[in-house]
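An overview of the molecular structure
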Amino acid sequence: PSLKQSERDNRKEDRLKTYISCWCMSDYDLDLMWKGYIGDSKGVAIKSSIKILELICDNAVSSWPLAISKVEYFDHANGQPISYFGTPKQFIYKDHHFQLDKEVRIIHHPNIKLPSPSHVFLPVDLELLIEAVVLSPQAELKDIKNVQKLLKDTGLGEIPILTSRDDRECIE
C-alpha cells in the first residue's frame, strides 16, 4: 500500500484501541453540553477538577499508559496544519468550532492487539472524583430525591447536589 494508505490504516487501528474520557473545563454547566448529550431528557453532570483527574490518572498504575491533555483547537477549513504523528497526540485535536467545549481528555492507549475490548475499567475513588453532582435544567423535586437516594445508597451521601445554571444552590 501507499504511504498515505498505510498512515490511514495505522490511524484507524489506533482509534480502535484507544479509550477516551472527555471532560469540559467550564466553570459552570453549559446549555450546549446538556443539549448535545441529553437533548430534552433528564441527566446529571459530575463536577470535578483537573487536579483530581490528574491525581486519578497518576494513581491508576494498573491502567497505564494514561495521558491527560487539554484539547487543542485548530482551523481545519482554512488548512491549518496539525500533527497526527504519535499517540495520544493525534487524539487531542478538534476543529475550532468546538472551542466552547473547553475540553480535556483522559486518553488510554494500551499496547494491545486487535480486536480490542469494547471498554476498559479505570478504577476510581468516586468520593475523590466527584466534587458535586449537577442536575440538568428543569430538574424536578423527584429528580433531586432520586439522585439523593442513589448517592446515599452508594455511600456518597455527603456529595453536594447542585441545580443547573444561574440557580446554583445546594440542595439540602
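No experiment lies behind these values; they were computed from the predicted model shown. (Residues numbered from 1 in each chain as written. Predicted model: local features only at pLDDT ≥ 70, side-chain atom pairs only at ≥ 80, totals over all residues. Heavy atoms only, no water.)

As a further point, take the environment of Pro117. Tracing the chain through its elements places Pro117 in the loop between strand E6 (103-108) and helix H4 (126-129). Accessibility expressed as a relative area gives 44% for Pro117, which makes it partly exposed. (Helix = DSSP H or I, 4+ residues; strand = E, 2+ residues; numbered from the N terminus. Buried < 20%, exposed > 50% of the residue type's maximum accessible area, 1.4 Å probe, protein only.)

Looking now at the side chain of His108. Position of His108 among the secondary structure elements: in strand E6. Here Pro65 takes part through its backbone oxygen, which lies 3.0 Å from a polar atom of the side chain of His108. (Polar contact = N/O pair within 3.5 Å; in protein donor to acceptor, adjacent residues only side chain to side chain.)

Moving on, we get to the environment of Cys57. Counting through the fold element by element, Cys57 comes out in helix H3 (residues 50-59). A relative accessible area of 4% places Cys57 in the buried class. Taking the C-alpha atoms as reference, Cys57 lies 7.6 Å from Ile68; in sequence the two are 11 residues apart. Leave out the neighbours within four places in its chain, and Cys57 touches Trp64, Leu66, Ile68 and Ile106. (Contact = heavy atoms within 4.5 Å.)

A side chain of one charge can pair with a side chain of the opposite charge when the charged atoms of the two come close. Here the structure, examined in full by the defined rule, presents 7 salt bridges. Between Glu140 and Lys42 there is a salt bridge whose closest N-O contact spans 4.0 Å. Of this pair, Glu140 sits in the loop between strand E7 (132-135) and helix H5 (141-153) while Lys42 sits in the loop between helix H2 (31-37) and strand E2 (44-47), and the two are 98 residues apart along the sequence. Take Lys42: its relative accessible area is 41%, and that puts it in the partly exposed class. A salt bridge links Asp153 to Lys149; the shortest N-O distance between them is 2.6 Å. With a gap of 4 residues between them, Asp153 and Lys149 both fall in helix H5, about one helical turn apart. What makes Asp153 exposed here is its relative accessible area of 53%. A cluster of three or more residues bridged by salt bridges with shared partners is formed by Lys94, Asp101, Glu103 and Arg105. (Salt bridge = Lys/Arg side-chain N within 4 Å of Asp/Glu carboxyl O.)

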